[in-house]
Amino acid sequence: MALFQSSTRTAPAILQVPRHIAIIMDGNGRWAKQRFLPRIAGHQRGVETVREVVKACRELGVEYLTLFAFSSENWRRPADEVSFLMQLFLKMLQREVSKLHENNIRLKIIGDRSRFDDNLNQCIVDAEQLTADNGSLTLTVAADYGGRWDIMQAMQTMLQKHPDLAGGLNEEDLEAHLAMNYAPEPDLFIRTGGEQRISNFLLWQLAYTELYFTDTLWPAFDGEALKLAIQSYYARERRFGRTSDQVLNERMQDEKK
Ligand code: IPE
Ligand code: IPE
Ligand code: MG
């Protein structure tokens, strides 16, 4: 039995507050360039936005927040920028994990990790272990993550575990092995920085997610900007393939209960 409802197998219940928000934090480099600063100054400033958005999500009662921090394609960037981002990630883990733990936040890191150095990998394992039983918010950081990598690794693990399944696979079999098998599918996706693309983020899980794009650059995004995104989410009608009348009828039935 799957832990959460799948949007393609049954129409999930529509909740007031989005349970899961997934964000592509884009625009750090442009934010810095506009201020005649090096790109890394934008990444540094972006960390403050992360703190603010985590706090806002806790206050709003969001259960899962997933942040895209480094994609499998970001290794193509200049070596000094990649190395700065890796150091920043390590520093963040070393500095912030105790605060996350105090705030009862569970931290998860999803991604390939094989190109990270031993020190960083050890910090990830320690941080996940320390916060594993926390229950206020699950904060997932996608680092060296790619949606296609995730589907491929899930497929490989699934076939290794159940070689007999090859003839009769279903979605549930694969979902169990995706990197974020502990979370429901995102309700709301936000991308800052003006681009309107998925950039190989959560390809499987975004099947029925509401998409929200804003021109605001990540370092300039804040709690208020998050509330605007959530307001836009409230105005959507999530039909999951059904008609508008069906959705309305169902809502009326629920209200009668
Ligand atoms: C997002 O900001 C951060 C990472 C991808 C690590 P960018 O660095 O992509 O900023 P822009 O898109 O160049 O402005
Ligand atoms: C997506 O941003 C990845 C992260 C925010 C980590 P990019 O800036 O790398 O995306 P593209 O290359 O413009 O699509
Ligand atoms: Mg970018």
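Below is a summary of the structure that appears in this document.

Thresholds applied
- Residues numbered from 1 in each chain as written.
- Chains lettered and ligands numbered in written order.
- Predicted model: local features only at pLDDT ≥ 70, side-chain atom pairs only at ≥ 80, totals over all residues.
- Heavy atoms only, no water.
- Near = heavy atom within 4 Å.
- Polar contact = N/O pair within 3.5 Å; in protein donor to acceptor, adjacent residues only side chain to side chain.
- Helix = DSSP H or I, 4+ residues; strand = E, 2+ residues; numbered from the N terminus.
- Nonpolar A, V, L, I, M, F, W, Y, C, P; charged D, E, K, R; others polar.
- Phe/Tyr/Trp six-rings, centres within 6.5 Å; stacked < 30°, edge-to-face > 60°.
- Buried < 20%, exposed > 50% of the residue type's maximum accessible area, 1.4 Å probe, protein only.
- Axes fitted to C-alpha atoms, helices over the stretch in contact; angles between N-to-C directions.
- Parallel < 35°, antiparallel > 145°, perpendicular 65-115°, else oblique.
- Left-handed = near helix turned anticlockwise from the far one by under 90°.
- Contact = heavy atoms within 4.5 Å.
- Salt bridge = Lys/Arg side-chain N within 4 Å of Asp/Glu carboxyl O.
- Expected span 1.5 Å × (residues − 1).
- Bend = angle between axes of the 7 residues up to and from the residue.
- Pairing = 2+ DSSP bridges.

1. Looking at the site of ligand 1
Inference 1: With respect to spatial proximity, the complete set of residues near ligand 1 consists of M25, D26, G27, N28, G29, R30, R39, H43, A69, N74, R77 and L85.
Inference 2: G29 is positioned with one of its backbone polar atoms (N or O) 2.9 Å from an oxygen atom of ligand 1.
Inference 3: Within the side chain of R77, an N or O atom sits 2.7 Å from an oxygen atom of ligand 1.
Inference 4: Elements supplying a minimum of two residues to the shell around ligand 1: α1 (28-34) and α2 (39-60).
Inference 5: Top element by residues in the shell around ligand 1 is α1. It accounts for three residues.
Inference 6: Looking at side-chain class alone, the shell around ligand 1 contains three nonpolar, five polar and four charged residues.

2. What to know about the packing of aromatic side chains
Inference 1: Counted under the stated rule, the structure contains 11 aromatic pairs.
Inference 2: Note on Y145 and F201: the rings are 6.4 Å apart at their centroids and 90 degrees apart in plane angle, and the pair reads as edge-to-face. Placement of Y145 in strand β4 (residues 137-145) and of F201 in the loop between β5 (188-191) and β6 (210-213) is noted, with a sequence separation of 56 residues between them. Considered together, Y145 and F201 belong to a single accessibility category, that of buried residues.
Inference 3: Centroid distance W218 to F221: 5.5 Å. Interplanar angle 15 degrees. Geometry classified as stacked.

3. Observations concerning the packing of helix α3 (residues 79-102) against helix α4 (residues 118-131)
Inference 1: The geometry of α3 relative to α4 is characterised by a closest axis approach of 10 Å and an angle of 20 degrees between their N-to-C directions. As the angle between them shows, α3 and α4 are arranged roughly parallel. The two elements α3 and α4 meet at a crossing, and its hand is left-handed. Each of M86, F89, L90, L93, Q94, V97 and H101 in α3 lies in contact with α4, whose residues at this interface are N119, L120, C123, I124, A127, L130 and T131.

4. Observations concerning the environment of P186
Inference 1: In this fold, P186 is placed in the loop between α6 (171-175) and β5.
Inference 2: On the basis of relative accessibility, which here comes to 2%, the residue P186 falls in the buried class.
Inference 3: Sequence spacing of P186 and K256 is 70 residues, and the spatial spacing of their C-alpha atoms is 28 Å.
Inference 4: Apart from the residues within four sequence positions on either side, P186 is in contact with H20, A22, L202, Q205, L206, T209 and R238.

5. Notes on the pattern of salt bridges
Inference 1: Counted by the stated rule, this structure contains 21 salt bridges.
Inference 2: Taking the shortest distance from any N to any O, the salt bridge between E224 and K227 comes out at 3.7 Å. Taken together, the residues span about one helical turn, with E224 and K227 both in helix α7 (residues 223-234) at a distance of three residues.
Inference 3: For E224, a relative accessible area of 52% gives the class exposed.
Inference 4: The exposure class of K227 is partly exposed, given its relative accessible area of 38%.
Inference 5: The structure contains a network of salt bridges with shared partners spanning D26, R30, R191, E195 and R197.

6. As for α3
Inference 1: Look at α3: 35 Å from first C-alpha to last across 24 residues, which is about the 34 Å you get at 1.5 Å a residue.
Inference 2: At E96, α3 shows its maximal bend, which comes to roughly 45 degrees.
Inference 3: Of all the residues in α3, the buried ones are E81, V82, F84, L85, M86, L88, F89, L90, L93, E96, V97 and L100.
Inference 4: Looking at the buried positions of α3, the neighbouring elements they touch are α2, β2 (64-71), β3 (105-110), α4 and β4.
Inference 5: Downstream of α3 by one or two residues, N104 has phi in the positive range, about 65 degrees.

7. Some thoughts on the sheet that holds β5
Inference 1: Spatial ordering of the open sheet is given by β3-β4-β2-β1-β5-β6, a layout of six strands whose pairing is parallel. Strands at the two margins of the open sheet, each flanked by one partner only, are β3 and β6. When the angles between neighbouring strand axes are averaged without regard to direction, this sheet yields 20 degrees.
Inference 2: Looking at chain direction, strand β1 (residues 20-24) and β5 are connected through four bridges and run parallel.

8. Overview of the environment of N103
Inference 1: Structurally, the position occupied by N103 is in the loop between α3 and β3.
Inference 2: On the basis of relative accessibility, which here comes to 34%, the residue N103 falls in the partly exposed class.
Inference 3: A sequence separation of 48 residues divides N103 from K55, and the C-alpha atoms of the two residues are 9.5 Å apart.
Inference 4: Those residues within four positions of N103 in sequence are excluded, and the remaining contacts are R58 and S136.

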